[in-house]
Amino acid sequence: MQLEKKRSFKVGGCLRTNLLTILTVTGVIVGIGLGFLLREAKDEWVQREIVYVRFIGDLFLRMLKALILPLIVASLVSAIGSLDLSLSGRIGARAIVYYMVTTVCAVVLGIILVMLIQPGKGGERNKELEEQGGRNVTTPDTLMDLVRNMFPPNLVQASIEQYQTTLIYPGNDSIRKYIPIVTRQ
């Protein structure tokens, strides 16, 4: 009886200390299984269904992007704050210089690659959307835009800019469709 209590205490302690790792691995396995299940569920997905499934992943990525910069700054501040005062000046300056140099290298590399690859150029355009003059904005689209804007990928940009979908009537009486235009205010 005493041995069983010790084992259950050890197992419970192990689960408590490794709960985040266990949940992360479980989430990855469930995600892979759900991906395979959704892929095999239908032969061909309609664009609207793809938008609905992609919405959850888009929210997750926006939240991760929003957390990256504050986590880097907090880790730099806490690491420099825990150092000796005589070392923190030199190491802090080196950390800031290293961070700035790598950021500038990433920006330059990104600009060079965009100029070389030219993403989006020569891609197929959706002729149906061009003939309609835009896409129809439905209630689910508006609600998903609202939720997406609640989780901005960049906190500084979110405090300065606001995105708003505006519906503009094209002026042709034979076609009663509105053209949505996303504007920054």
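Structure's up top.
Numbering of residues begins from 1 in every chain and follows the order in which that chain's sequence is written. Selection of residues for local features in this predicted model requires a pLDDT of at least 70, selection of side-chain atom pairs for listing and counting requires 80 or more, and totals for whole chains, interfaces and linings are taken over all residues. Values reported for side chains reflect all heavy atoms of the structure, with hydrogen atoms and water molecules removed beforehand.

Draft legend 1. A look at the pattern of salt bridges. Here, a salt bridge means any Lys or Arg side-chain nitrogen found within 4 Å of an Asp or Glu carboxyl oxygen. All told, the structure shown has two salt bridges when counted by the stated rule. R62 is the partner of D58 in a salt bridge, and the nearest nitrogen-oxygen pair spans 3.7 Å. Of the two residues, D58 and R62 both sit in helix α3 (residues 47–81), four residues apart, roughly one turn of that helix. On the accessibility criterion, D58 (26% relative accessible area) is partly exposed. With a shortest N-O distance of 2.9 Å, R148 and D58 are connected by a salt bridge. Taken together, the residues span a long stretch of sequence, with R148 in helix α6 (residues 139–150) and D58 in helix α3 at a distance of 90 residues. The classification of residues rests on relative accessible area computed with a 1.4 Å probe and restricted to protein chains. Under 20% of the type maximum is buried, over 50% is exposed, and intermediate values are partly exposed. Since its relative accessible area comes to 17%, R148 is described here as buried. Taken together, the shared-partner salt bridges in this structure form one network comprising D58, R62 and R148. Helix numbering and strand numbering both begin at the N terminus, where a helix is a DSSP run of H or I of at least 4 residues and a strand a DSSP run of E of at least 2.

Draft legend 2. View of a nonpolar patch on the surface. Every patch collects residues that have over 30% relative accessible area and no salt bridge, joining them within 9 Å if they carry like charges and within 5 Å if they are nonpolar side chains (Val, Leu, Ile, Met, Phe, Trp, Tyr). We get accessible surface area from the Shrake-Rupley algorithm with a probe of 1.4 Å; when it comes to residues, only the shown protein chains can shield them. A contiguous nonpolar surface patch, about 680 Å² in accessible area, is contributed by V104, V108, L109, I112, L113, L116 and I117. Along the polypeptide, V108 turns up in helix α4 (residues 85–117).

Draft legend 3. A look at the packing of aromatic side chains. Note on ring pairs: Phe, Tyr and Trp rings are taken, using the six-membered ring of Trp, and paired if centres are within 6.5 Å. Classes follow the plane angle, with under 30 degrees stacked, over 60 edge-to-face and the rest tilted. On inspection of all chains with the given rule, the structure shows zero aromatic pairs. Here K42 stacks its cationic end above the ring of W45, 5.6 Å away from the centre of that ring. The rule for a charge over a ring is simple: NZ of Lys or CZ of Arg within 6 Å of the ring centre, and within 35 degrees of the ring normal.

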